[in-house]
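Inside the fold
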Amino acid sequence: ATLHLDTPRPGRPPANPRRTWDAIFWVACSRGPWRDLPPSLGKPDTAHRALRRAALDRSLHGLLIAASPHPGVRRHPLQALRY
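Procedures and definitions
Residues numbered from 1 in each chain as written. Predicted model: local features only at pLDDT ≥ 70, side-chain atom pairs only at ≥ 80, totals over all residues. Heavy atoms only, no water. Helix = DSSP H or I, 4+ residues; strand = E, 2+ residues; numbered from the N terminus. Contact = heavy atoms within 4.5 Å. pLDDT = per-residue confidence, 0-100. Core = buried A, V, L, I, M, F, W, Y, C linked by side-chain atoms within 4.5 Å. Buried < 20%, exposed > 50% of the residue type's maximum accessible area, 1.4 Å probe, protein only. Expected span 1.5 Å × (residues − 1).

This paragraph deals with the overall build of the protein. From N to C terminus, the protein includes 3 helices and 0 strands. Taken from the N to the C terminus, the helices and strands of the protein come in the order α-α-α. In the protein, once contacts between residues fewer than 6 apart in sequence are set aside, the share between residues at least 24 apart is 37%.

Now the structure itself:
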């Protein structure tokens, strides 16, 4: 199964989607607030907006299922990201 995190949307596309997802994962792993995001990872509001959109369009759900040992999913390459 293919997982698409950068679905086309109206407006300007993100300049660096990888950096945006790195920012999202930094906040998730650090448990710190968005305002503590290092400047090298971009603006906190940009990453937060991307996370909200991914949650609304269910692509975040697909990512979490693919990275988890969910019984209904064959071993997906993203499972290498498991903690």
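Don't stop here, the text continues.
So, about the confidence of the model for the protein. The pLDDT averaged across the protein works out to 79; a share of 73% of its residues lies at or above 70. For the protein, per-element mean pLDDT is lowest for helix 3 (residues 59-67), which scores 78, and highest for helix 2 (residues 44-56), which scores 91.

The next thing to look at is the nonpolar core. Listed in full, the 10 residues of the largest apolar core are Trp 21, Ala 23, Ile 24, Val 27, Leu 37, Leu 41, Ala 47, Ala 54, Leu 60 and Leu 63. Examining the composition of this core, we find that 4 residues originate from one element, helix 1 (residues 17-30), more than from any other. Ignoring any residue separated from it by four or fewer positions in sequence, one finds Leu 60 in contact with Trp 21, Leu 51, Ala 54 and Ala 55.

A few words now on the environment of Arg 19. Tracing the backbone shows Arg 19 in helix 1. The class of Arg 19 is partly exposed, set by a relative accessible area of 36%. If near-sequence neighbours (up to four positions away) are discounted, Arg 19 is found in contact with Ser 40, Leu 41 and Gly 42.

Moving on, we get to helix 2. Taking 1.5 Å per residue as the helical rise, helix 2 with its 13 residues ought to reach 18 Å, and the 18 Å between its terminal C-alpha atoms agrees with that figure. Phi turns positive one or two residues past the end of helix 2, at Arg 58, with a value near 70°.

Attention shifts here to unusual backbone geometry. One non-glycine residue, Arg 31, adopts positive backbone phi at about 60°. For Arg 31, the position within the fold is in the loop between helix 1 and helix 2.

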